[in-house]
Amino acid sequence: MAQAPEGQITRIVAIRHGETAWNVDTRIQGQLDVPLNDKGLWQARRLADALADEGVGVVYASDLQRAWQTAQPLAERLGLVPRPEPGLRERAFGVFEGLTWAEIERDHPEASERWRRRDPDFGPAGGETLAAFYARCVACITALAERHPGEVLAVVAHGGVLDCLYRAATRAELRAPRTWQLGNASINRVLYTPQGLAMVGWADTGHLDGAVHDEFSDALARRATAGSAS
């Protein structure tokens, strides 16, 4: 990426929402409005402490309550009012919403296979295709960054949204398997200039005192273990 004038560089602190009961169950939340569990509320408070001196001047959050509840302690700590942004919502998963990974594989085997293969043109019935979701996420984050040139903004969103941000910042293919973490309440840092997005740091969980739940990796591990045992 070409060097940009300091005033054109926007620092993005991208945060996944805290833990929910459905994260623990590897149940697809999509755009269903699931709240944080007790651990998620604790994570949100720890997140606020960790970012108190980061220089954040504005906080945007998905308007789904698990993201909103994560953003509130941070905004309060900084003396800010969080701004709702529907463009930061998780992918709409249609008929998959409310189901566990195992239930999706059992009840929708063909759709499950296309989903796991990261087919860009696939969307569950009633949901978004991966390509459309990626385009929405990147367009939303780009618009927010361009609204605040030279500032530091916090963006509180969802695992799928952060996955799209990671791919955009590292130029990873949309079909490529995910090898990076998307832990609950993790801190991820990206720069935006007129030339595009660039990675600074990913999956900072030092503020959470131990292992961080990532149901995507957990579900894949369970599936691999079940396959090896069969």
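Here the structure is a predicted model, which means the values were calculated and not measured. (Residues numbered from 1 in each chain as written. Predicted model: local features only at pLDDT ≥ 70, side-chain atom pairs only at ≥ 80, totals over all residues. Heavy atoms only, no water.)

When you go through the protein residue by residue, the secondary structure sums to eight helices and six strands. Counting helices and strands in the order they occur from the N terminus, the protein gives β-α-α-β-α-β-α-α-α-β-α-β-β-α. Taking all 230 residues of the protein together, the buried fraction comes to 50%. When the accessible surface of the protein is totalled, it reaches about 10100 Å², and 51% of it is carbon and sulfur. (Helix = DSSP H or I, 4+ residues; strand = E, 2+ residues; numbered from the N terminus. Buried < 20%, exposed > 50% of the residue type's maximum accessible area, 1.4 Å probe, protein only. Areas by Shrake-Rupley, 256 points an atom, 1.4 Å probe, with all protein chains shown as cover.)

Attention now goes to the confidence of the model for the protein. The predicted model of the protein averages 91 in pLDDT, with 88% of residues at 70 or higher. This model gives residues 224–230 a pLDDT under 50, and the stretch forms zero contacts once residues within four places in sequence are excluded. (pLDDT = per-residue confidence, 0-100. Contact = heavy atoms within 4.5 Å.)

Glancing now at the sheet that holds strand S1 (residues 10–16). Pairing is mixed in the open sheet, where six strands are placed in the order S3-S2-S4-S1-S5-S6. Edge strands, defined here as strands with exactly one partner in the open sheet, are strand S3 (83–84) and strand S6 (196–204). (Pairing = 2+ DSSP bridges.)

As a further point, take the packing of helix H2 (residues 38–50) against helix H3 (residues 65–78). It is the contact of H2 with H3, at a shortest axis distance of 8 Å, that shows an interaxial angle of 30°. As far as their axial angle goes, H3 and H2 are roughly parallel. Crossing handedness for the pair H2 and H3: right-handed. The segment H2 lies against H3, with Leu-41, Ala-44, Arg-45, Leu-47, Ala-48 and Asp-49 engaging Gln-69, Thr-70, Pro-73, Leu-74 and Arg-77. Per-class residue counts for the contact of H2 with H3 are six nonpolar, two polar and three charged. (Axes fitted to C-alpha atoms, helices over the stretch in contact; angles between N-to-C directions. Parallel < 35°, antiparallel > 145°, perpendicular 65-115°, else oblique. Left-handed = near helix turned anticlockwise from the far one by under 90°. Nonpolar A, V, L, I, M, F, W, Y, C, P; charged D, E, K, R; others polar.)

Let us now look at the pattern of salt bridges. As enumerated under the stated definition, the model contains 16 salt bridges in all. Across the pair Arg-11 and Glu-54 runs a salt bridge, and its minimum N-O distance is 3.2 Å. A residue pair is termed long-range when its members are at least 10 positions apart, and Arg-11 in strand S1 and Glu-54 in the loop between H2 and strand S2 (58–61) qualify at 43 residues. For Glu-54, a relative accessible area of 15% gives the class buried. When the shortest N-O distance is used, the salt bridge between Arg-118 and Asp-163 registers 3.5 Å. In this pair, Arg-118 sits in the loop between helix H5 (109–116) and helix H6 (130–147) while Asp-163 sits in helix H7 (residues 159–170), placing the two residues 45 residues apart along the sequence. (Salt bridge = Lys/Arg side-chain N within 4 Å of Asp/Glu carboxyl O.)

The subject of this paragraph is the nonpolar core. In terms of nonpolar packing, the biggest core is built from 29 residues, with Ile-12, Leu-88 and Leu-197 touching the most fellow members. Mapped by element, the contributors of at least two residues to this core are S1, S2, H6, strand S4 (152–157), H7, strand S5 (187–193) and S6. With residues up to four places along the chain from it excluded, the contact list for Leu-88 reads Tyr-60, Ala-61, Ser-62, Arg-136, Cys-140, Ile-141, Leu-144, Val-155, Val-156, Ala-157, His-158 and Val-161. Formed by 16 residues, the second largest nonpolar core is a distinct cluster that contains Leu-51, Val-59, Leu-74 and Ala-154. (Core = buried A, V, L, I, M, F, W, Y, C linked by side-chain atoms within 4.5 Å.)

What follows concerns the packing of H6 against H7. Here H6 crosses H7 at 75°, and the two axes come no closer than 9 Å. One way to sum up the angle between H6 and H7 is to call them roughly perpendicular. Here Phe-133, Tyr-134, Cys-137, Val-138 and Ile-141 of H6 lie close against H7, whose contacting residues are Gly-160, Val-161, Cys-164, Leu-165, Arg-167 and Ala-168. A class-by-class count of the residues in the contact of H6 with H7 yields nine nonpolar, one polar and one charged.

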